[in-house]
Each structure stands twice: as structure tokens, then as C-alpha cells.
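# Examination of the molecular architecture
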Amino acid sequence: MTQNERIQTFIALGDFLRSEQGQTEIDDMAWRANGQNNWFTPANVKRAFHAISDHMLTADALTAWAAQYPSEPQTPKSIGVVMAGNIPAVGFHDLLCVLVSGHRILAKLSSQDIVLINYLIKKITEINPAFGEYITIAERLNAADAFIATGSDNTARYFDYYFGQRPHIIRRNRTSVGVLTGVESDEQLLALSEDVLSYFGLGCRNVSTVLIPDAEILQRFLRVTEALIPEYTSNHKYVNNYDYNKSIYLVNGVPHLDNCLLLMTEDDRLVSPISVLYYQTYATQAGLTAFLEQNAAKIQVVAAADGWYPGSVPFGKTQSPGLNDYADGVDTMAFLTSL
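Our subject in this report is the structure included herewith.

### A look at helix α3 (residues 42–55)
Each turn of an α-helix holds 3.6 residues, which means side chains three or four residues apart point in the same direction. The end-to-end C-alpha separation of α3 is 20 Å, in line with the 20 Å expected for 14 residues at 1.5 Å each. Considered for burial, the residues of α3 that qualify are P42, N44, V45, A48, F49, A51, I52 and S53. In this fold, the buried residues of α3 make contact with α1 (3–18), α2 (20–36), α5 (92–100) and α6 (114–127).

### So, a nonpolar patch on the surface
A cluster of nonpolar side chains, contributed by Y158, Y161 and Y162, occupies part of the molecular surface with about 460 Å² of accessible area. In this fold, Y162 is placed in helix α7 (residues 153–163).

### Focus on α5
The buried fraction of α5 amounts to nine of the nine residues, a majority that puts the element mostly inside the structure. Every buried residue of α5 is listed here: F92, H93, D94, L95, L96, C97, V98, L99 and V100.

### Here we look at the pattern of salt bridges
The final tally for this structure, using the stated rule, is 16 salt bridges. Here D186 and R220 are joined by a salt bridge, their closest N and O atoms 2.8 Å apart. You can see D186 sitting in helix α8 (residues 186–197) and its partner R220 sitting in helix α9 (residues 216–225), a full 34 residues away along the chain. Taking the relative accessible area as the measure of exposure, D186 reaches 33% and is therefore partly exposed. Across the pair D186 and R223 runs a salt bridge, and its minimum N-O distance is 3.4 Å. Here D186 is found in helix α8, whereas its partner R223 is found in helix α9, with 37 residues between them in sequence. Through salt bridges that share partners, E25, K122, K123 and E126 make up one connected network.

Conventions we followed
Residues numbered from 1 in each chain as written. Predicted model: local features only at pLDDT ≥ 70, side-chain atom pairs only at ≥ 80, totals over all residues. Heavy atoms only, no water. Helix = DSSP H or I, 4+ residues; strand = E, 2+ residues; numbered from the N terminus. Expected span 1.5 Å × (residues − 1). Buried < 20%, exposed > 50% of the residue type's maximum accessible area, 1.4 Å probe, protein only. Contact = heavy atoms within 4.5 Å. Patch = residues over 30% accessible without salt bridge, like charges linked within 9 Å, V, L, I, M, F, W, Y side chains within 5 Å. Areas by Shrake-Rupley, 256 points an atom, 1.4 Å probe, with all protein chains shown as cover. Salt bridge = Lys/Arg side-chain N within 4 Å of Asp/Glu carboxyl O.

Spelled out as C-alpha cells, the structure:
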């Protein structure tokens, strides 16, 4: 199978997912996925599929992306992939990379995201049955020649132990930050709230800390986000986290802000619990830059209004990654095409 044939398969997949029939199937998959994992609400599943079909599976995007790399592997390898399952279909990008690079995938699916990844694999093999020989769902990855594993800082230690003797990419905990100047419009703050709350804040591309010049803008941000209260408080798992974190802050006397949807507190950590947004203040842009550089290994995305900060993405766009937006900043395709 040539690279062009592989790319055409994924172009056809994108066309199908955007079609009326595709939308009907996604609706069905969304409810099935929600039955397996309550965090995967139908709205969030549809959001994830739209991001995949609109930003990854177009002819222009796929052709330009693949052109950056060698078209064929020297020798096709078996790539063991331990997939994440924190947000819907998050493992799809690794699946895409392995198959477009011309290798075979041994995929260990997350128990949290079996329905959606299996559905996407089924559609790929329906469009191009030859891919059936390239995709294996496996519990054990001993037979793999190389590995891509995504997990927490704790699981990464185990991945290092088991996979460290062969070529590998091992991903650890990351999160994203928002940078504010204090003069953002309500519209920009509402876009930031999507970066914070989409997928209930479970993704590494979700903003969990905002960096601000002073605390004055926080009340306005909380006021703007009140419009999202019905959407998020209808999910009992989110509400349970909110109630728990609020009770902890109240019992321990932790100063915080609260709008009945989101809790905000000053904290020097980057990764906040579900329903909590941390904030830190900066005095100068030089200090801001120094902080971001110091913590670069833990930051997936920096978001800023209209992308004003160098290297940032605009508010509202953190969960719309393109093909070149690799997890942990490690070029997965460069790794695969070097094997």
C-alpha cells in the first residue's frame, strides 16, 4: 500500500464523518460511548469528532502534513501504542500517525475509550480492507518493535521500565495555561472558558492555570462563565467534583472565588482538580516569559487572546489541534519515519 493510498483512506474517512450518514452514526456512537463512560457526554463526543474531521481529515491538511516526511518506511515495523482515554477519541492521532507512516499498529486501548476507537478502526477497514492487516488490538505489546505510550507521571515510570530498551515515545502529565493582560473583552473571556471547561477540563490541552497581572479580571471572568452553568452542572460527575473541592476549600479556609460552576484559587501548581482553575500573578512580561520557559516541560499549550503571546494559540482553540500539534511537543511522525 502506497502513502497516497493510505492518505486517500483518511481523506475518505473525513468525508464520511462530515456526511449526513456519518453524523447519524456519530450520534449513535456518542450515546454508546456515554453509556460506557459518563465523562463522554454526547456533546463532547461530537465535539471531538468534529475536531478530528475538520482539522485532521481534510485533503489539504493530510497532503501537506504527510509531505514533510519520507513516504515509505525502510522496513515496516510493529508499533505498540498504549492509548490514553481521558477525552473522547484522543488516541486517534497516534493511530493515524502509525498507519500513514506505513507501519503496523498494536493498539492497547484505554478502558475509558473503547467504543469510539473501535468505531474509527472499523470505518478505516471498511473504507480500505487492506488496513485490516495493519491494525491489531492487543492487551500485551511484547511483539512490538517500538512503542508510543501515554499516561501519568507515575505510569511513565513503568513504561520506562518495560519499553525503555526499544525505541519509544513516553508521554507524561502535561497541562495548558492561559495568559491574560487584564484588558480582554467578555467575548475573549468566554472563549477562554471553553479552553478551561471543554471535556470537563480532563485534557492536557485544557487550561488549568491562568497567569494574570492582577486579580481584578477574575470576577469578570467568573461572571462571563455563568452562561455555561446549565451545560456543565447537568453532569453529576462534574458536580460531585465541584462539591468536593468546594467543601475542602471551605473546611480548610482556603481563599477562593466561586460562581457555582468554577472555583478559582491562587496556587503555584499548574495542574488543577476538575472544577478548579488556578491563577498566578506576574509583574512584568519578562517575568511571565521566564515562568513559562521554566515550566515548559509541563506545559502543552499556551493560550492568549488572539494569540498575542509568541507561540500561543487564541482563546477558544486549545482543543482544536491540527496534525502538527504533537503531544508533549515530540514529533510522532519524525519518530516513526526514523525507525
